[in-house]
Amino acid sequence: MKILTSSDDDFLYERLLELLEQMKLVQGGTALASSLRRHNKIKLYMIEKQIQKIKHIEETYFCKDGLDQTAIEAYLHKISLQNK
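Description of the structure in this document. (Residues numbered from 1 in each chain as written. Predicted model: local features only at pLDDT ≥ 70, side-chain atom pairs only at ≥ 80, totals over all residues. Heavy atoms only, no water.)

Quick word on the overall build of the chain
Consideration 1: When you go through the chain residue by residue, the secondary structure sums to four helices and two strands.
Consideration 2: In sequence order, the chain lays out its α and β elements as α-α-α-β-β-α.
Consideration 3: Against the 2.2 N^0.38 benchmark of 12 Å for 84 residues, the chain shows a C-alpha radius of gyration of 17 Å, more extended than a compact globule.
Consideration 4: Counting the 84 residues in the chain, one finds 15% classified as buried.
Consideration 5: Residue pairs in contact within the chain that sit at least 24 positions apart in sequence constitute 65% of those at least 6 positions apart.
Consideration 6: Here the chain displays about 6,900 Å² of accessible surface, and carbon together with sulfur accounts for 58% of that area.
Consideration 7: One finds the centroid of the 13 positive side-chain charges in the chain at a distance of 8 Å from the centroid of its 12 negative side-chain charges. (Helix = DSSP H or I, 4+ residues; strand = E, 2+ residues; numbered from the N terminus. Rg over C-alpha atoms; globule rule 2.2 N^0.38 Å. Buried < 20%, exposed > 50% of the residue type's maximum accessible area, 1.4 Å probe, protein only. Contact = heavy atoms within 4.5 Å. Areas by Shrake-Rupley, 256 points an atom, 1.4 Å probe, with all protein chains shown as cover. Lys, Arg positive; Asp, Glu negative; His and termini not counted. Charge placed at Lys NZ, Arg CZ, Asp CG, Glu CD.)

What about the layout of surface pockets?
Consideration 1: Its volume calculated, the largest pocket comes out at about 190 Å³.
Consideration 2: The wall of the largest pocket is formed by Thr5, Ser6, Ser7, Asp10, Lys49, Gln52, Lys53, His56, Ile57 and Tyr61.
Consideration 3: Broken down by element, the residue count for the lining of the largest pocket peaks at six residues, all from helix H3 (residues 40–61). (1 Å grid on protein atoms, 1.4 Å probe; cavity = no way out; pocket = protein on both sides within 12 Å on 5 of 7 lines; lining within 4 Å. Points joined across faces, edges and corners; volume = space filled by probe spheres on them.)

Quick notes on helix H1 (residues 10–27)
Consideration 1: Helix length check: H1 (18 residues) gives 25 Å between terminal C-alpha atoms against 26 Å at 1.5 Å per residue, within 8%.
Consideration 2: Taken as a whole, H1 has its buried residues at Tyr13, Leu16, Leu20 and Met23. Projection of H1 onto a plane perpendicular to its axis shows the buried side chains occupying an angular sector of 90°, all on one side. Structural note: H1 exposes Phe11, Arg15, Glu21, Leu25 and Val26 on the side pointing more than 90 degrees away from its buried face.
Consideration 3: One or two steps after H1, the chain reaches Gly28, where phi turns positive at roughly 95°. (Expected span 1.5 Å × (residues − 1). Arc of directions from axis to C-beta.)

Topic: the packing of helix H2 (residues 29–38) against H3
Each pair of packed helices gets described by two things: the angle between the helix axes and the distance between those axes.
Consideration 1: Orientation of H2 relative to H3, taken along the N-to-C sense of each, is 100°, at an axis distance of 5 Å. One element, H2, and the other, H3, form an angle in the roughly perpendicular class. In this structure, H2 uses Leu36, Arg37 and Arg38 to contact H3, whose residues at the interface are Asn40, Ile42 and Lys43.
Consideration 2: The residue makeup of the contact of H2 with H3, split by class, is two nonpolar, one polar and three charged. (Axes fitted to C-alpha atoms, helices over the stretch in contact; angles between N-to-C directions. Parallel < 35°, antiparallel > 145°, perpendicular 65-115°, else oblique. Nonpolar A, V, L, I, M, F, W, Y, C, P; charged D, E, K, R; others polar.)

With respect to the nonpolar core
In a soluble, globular protein the nonpolar side chains are often hidden away together inside.
Consideration 1: Counting residues in hydrophobic clusters, the biggest one holds eight residues: Ile3, Tyr13, Leu16, Leu20, Met23, Leu32, Tyr45 and Met46.
Consideration 2: Those elements that place two or more of their residues in this core are H1 and H3.
Consideration 3: No other element matches the four residues that H1 contributes to this core.
Consideration 4: Contact partners of Ile3, with chain neighbours within four places excluded, come to Lys41, Leu44, Tyr45 and Glu48. (Core = buried A, V, L, I, M, F, W, Y, C linked by side-chain atoms within 4.5 Å.)

Next comes the structure, spelled out in structure tokens:
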């Protein structure tokens, strides 16, 4: 089963990631793994979001010669504007 994702559901990914981090901290890694086995839809969703995020990073920040310095500089400029 493949779950379709988009940037519109990034909030859900972030909330789930935070919850899963809390579960690991409180209950431990074994309990987290057990929970993810019981909640297969959540696990598949998280994996698909990670795949999409990796693809986006590759397409945006890498070129055939290595890193795309223009894209990196554009990102850093955007971040610096947000911090002002």
